[in-house]
Amino acid sequence: MRRAFLGEFEEIVLLVVAACPAEAYGVTIWEDVQQQTGRSITMSAVHATLYRLEEKGYLSSTMGGATAERGGRRKRFFTLTALGVRALNDIQEMRSRLWQAIPPGKFQLMGF
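Residues numbered from 1 in each chain as written. Predicted model: local features only at pLDDT ≥ 70, side-chain atom pairs only at ≥ 80, totals over all residues. Heavy atoms only, no water.

Q: Just checking my understanding: could you explain the environment of Ser 40 for this structure?
A: Of note, Ser 40 is situated in the loop between helix 2 (26–37) and helix 3 (43–56). Sequence spacing of Ser 40 and Trp 30 is ten residues, and the spatial spacing of their C-alpha atoms is 9.6 Å. (Helix = DSSP H or I, 4+ residues; strand = E, 2+ residues; numbered from the N terminus.)

Q: Would you explain helix 3 in this entry?
A: Three or four residues apart is the spacing at which side chains of an α-helix point the same way, because the helix has 3.6 residues per turn. With 14 residues, helix 3 should reach 20 Å at 1.5 Å per residue; the first-to-last C-alpha distance of 20 Å fits that figure. All of the buried residues in helix 3 are Val 46, Thr 49, Leu 50 and Leu 53. All buried residues of helix 3 project into a common sector of 100° when viewed along the axis, lining one side. Summarising the geometry of helix 3, the exposed residues directed more than 90 degrees from the buried face are Ser 44 and Glu 55. Just downstream of helix 3 lies Gly 57, where phi reads positive at about 95°. (Expected span 1.5 Å × (residues − 1). Buried < 20%, exposed > 50% of the residue type's maximum accessible area, 1.4 Å probe, protein only. Arc of directions from axis to C-beta.)

Q: So what exactly am I meant to see when it comes to the pattern of salt bridges here?
A: For side chains of opposite charge, pairing can occur when their charged atoms come near one another. Evaluation of the coordinates by the stated rule reveals four salt bridges. A salt bridge links Glu 8 to Arg 39; the nearest nitrogen and oxygen atoms lie 2.9 Å apart. Taken together, the residues Glu 8 in helix 1 (residues 8–19) and Arg 39 in the loop between helix 2 and helix 3 connect sequence positions 31 residues apart. Residue Arg 95 pairs with Glu 11 through a salt bridge whose shortest N-O separation is 2.7 Å. Taken together, the positions of Arg 95 in helix 4 (residues 82–101) and Glu 11 in helix 1 put the pair 84 residues apart, joining distant regions of the chain. For Arg 95, a relative accessible area of 40% gives the class partly exposed. (Salt bridge = Lys/Arg side-chain N within 4 Å of Asp/Glu carboxyl O.)

Have a look at this one:
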């Protein structure tokens, strides 16, 4: 089985897609990433990441119907694939192991 090596931003985008209560598409993902991270992010950065994650097999997408409010353009909706779920679970387990490996009181010894 292939190991998931994702960048921080890729991981955040995957988590946002996973957390979307409704259909996830570019604008909602972009807004949620900015809200959750407190960062100012360009829409193109989100789109590039979504397409890259789809190419890697972590996301799949479908096209919605055209709407008048979008000038007849269609929305592309993104969902996690089984590989995407597995990658997020692997990352969570790895991070948990690393946090548990920090000796108790280590941060206090460092003045934090």
